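Structural overview
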Amino acid sequence: MLGVIGGSGLSGLANLEGVRREIVRTPYGEPSCALTFGTIRGREVVFLARHGYGHTIPPHQVNYRANLWALRSQQVNDVVAIASVGAIRDDLMPGALVVPHQILDYTHGRESTFATGADRGVLHIDFTDPYCQKLRRRILEAAAEAGHHAADGATYAATQGPRLETAAEIDRLERDGADVVGMTGMPEAALARELELCYAALAVVVNAAAGRGASTGGIRMEEINAISKLAMAYVRSILERLVEIDGD
Ligand code: HPA
């Protein structure tokens, strides 16, 4: 079954039918919210709002382990993570869609493994390619079929947040090779790999990163919210097509 983790701007799927909500408990505590089960064109989908339905959980306080464990426990094997990002690369304009292929992790102090020693042993997952290639391809195909261009490949920098970056931090991320920046991509992707889930992200550019382009004089949340509202409509139609492709 397909699981969708919705980020800022996507706290539900309007096109879900026969909706039922279920609170799932895990050995790692509570997920961000109850899971929402429903169907899109007859295919079952599970939705989870990463920041809670009321958008109350900041990126550094999301229980990523509980979220992924909960999805896995419901027979989810593919997870599409929706992520809002700032663009570092100057050809990515607000509203652009990106399917990243690499990650740089600048987060700290987050529970980032299920293998916490002792009884669970030590786990060194292969993370050379952090995203599931098959699912990346399906997302790109779904985007094309839904009539939306999504850029194939980008290096996603995961920052700690909740504050946005300084202009100098963005310069450093660029020197490191980052194309886009967000706050939730890690440890989510690594935890998904530990659980052997096929995980990929569909990122939505909602602003130019700090000090870049239209953000030279600062980043305004009202603009982010406006772009986000617009772009999430594209995301919904892509997800709809993705579910159809999965069923074909
Ligand atoms: N930085 C970090 N996270 C983000 C941004 C940003 O500019 N935009 C959306 N999420």
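The structure this text deals with has already been given above.
Before going into details, it helps to say that this report is about the structure given with it.

Conventions adopted
Residues numbered from 1 in each chain as written. Predicted model: local features only at pLDDT ≥ 70, side-chain atom pairs only at ≥ 80, totals over all residues. Heavy atoms only, no water. Helix = DSSP H or I, 4+ residues; strand = E, 2+ residues; numbered from the N terminus. Buried < 20%, exposed > 50% of the residue type's maximum accessible area, 1.4 Å probe, protein only. Pairing = 2+ DSSP bridges. Phe/Tyr/Trp six-rings, centres within 6.5 Å; stacked < 30°, edge-to-face > 60°. Lys NZ or Arg CZ within 6 Å of the ring centre and 35° of its normal. Near = heavy atom within 4 Å. Polar contact = N/O pair within 3.5 Å; in protein donor to acceptor, adjacent residues only side chain to side chain. Areas by Shrake-Rupley, 256 points an atom, 1.4 Å probe, with all protein chains shown as cover. Nonpolar A, V, L, I, M, F, W, Y, C, P; charged D, E, K, R; others polar. Core = buried A, V, L, I, M, F, W, Y, C linked by side-chain atoms within 4.5 Å. Contact = heavy atoms within 4.5 Å. Expected span 1.5 Å × (residues − 1).

Things to note about unusual backbone geometry
The linkage connecting G161 with the following residue, P162, adopts the cis geometry, with an omega of -5°. Summarising the element assignment, P162 is placed in the loop between strand 9 (155-158) and helix 3 (167-176). In the segment running from M186 into P187, the intervening peptide bond is cis, with an omega of 10°. Along the polypeptide, P187 turns up in the loop between strand 10 (180-182) and helix 4 (188-194). Positive phi outside glycine occurs at E196, with the angle close to 60°.

Digging into the pairing of strand 1 (residues 2-6)
Counting buried positions along strand 1 gives five out of five residues, so the element sits mostly inside the fold. Burial along strand 1 is two-sided: L2, V4 and G6 and G3 and I5, pointing in opposite directions, are all buried. The sheet contact formed by strand 1 and strand 4 (residues 43-49) spans five bridges and is parallel. Its bridge partner being in strand 4, G6 is matched across the sheet by A49.

Considering the packing of aromatic side chains
One pass over the full model with this rule turns up four aromatic pairs. Centre to centre, the rings of W69 and F114 are 5.5 Å apart; their planes meet at 50°, and the pair counts as tilted. One end of the pair, W69, is in helix 1 (residues 64-73); the other, F114, is in the loop between strand 7 (102-105) and helix 2 (133-145), and 45 residues separate them in sequence. A relative accessible area of 27% places W69 in the partly exposed class. Pairwise contacts between aromatic rings join Y28, W69 and F114 into one cluster. In this arrangement the basic side chain of R20 is found over the ring face of F37, its NZ or CZ atom lying 4.2 Å from the centre. Lying across the ring of Y53, R21 places its NZ or CZ 3.9 Å from the centre.

So, the site of the ligand
As a matter of local geometry, the ligand sits amid S84, V85, G86, L164, E165, V181, G182, M183, V206 and N207. The contact in question runs from a nitrogen atom of the ligand to an N or O atom on the side chain of E165, over 2.7 Å. For the ligand, the protein covers 93% of the area, taking 260 Å² as the surface of the free molecule. Only strand 5 (78-87), strand 10 and strand 11 (198-208) provide two or more residues apiece to the shell around the ligand. Counting residues per element, the shell around the ligand draws most heavily on strand 5, which supplies three residues. The residue inventory of the shell around the ligand, partitioned by class, reads five nonpolar, four polar and one charged.

Focus on the nonpolar core
Counting 74 residues, the largest nonpolar core has L13, V80, I82, L202, V235 and L239 as its most contacted members. Within the second largest apolar cluster, nine residues are counted, among which are I88, Y106, A157 and V181.

Comments concerning the environment of I40
As for its placement among the helices and strands, I40 is situated in strand 3 (residues 35-40). Considering only alpha carbons, one finds I40 and A200, 160 residues apart in sequence, at a separation of 19 Å. Setting aside residues up to four positions removed in sequence, I40 forms contacts with L13, N15, L16, V45, E240 and V243.

Observations regarding helix 2
The terminal C-alpha atoms of helix 2, which comprises 13 residues, lie 18 Å apart, in line with the 18 Å expected from a rise of 1.5 Å per residue. Within the sequence span of helix 2, burial applies to L135, R136, R138, I139, L140, A142 and A143. At the exit of helix 2 stands G147, carrying a positive phi of roughly 85°.

Focus on the environment of D171
Here D171 shows up in helix 3. You can call D171 partly exposed: its relative accessible area is 33%. For D171 and I88, which are 83 residues apart along the polypeptide, the C-alpha to C-alpha distance reads 8.5 Å.

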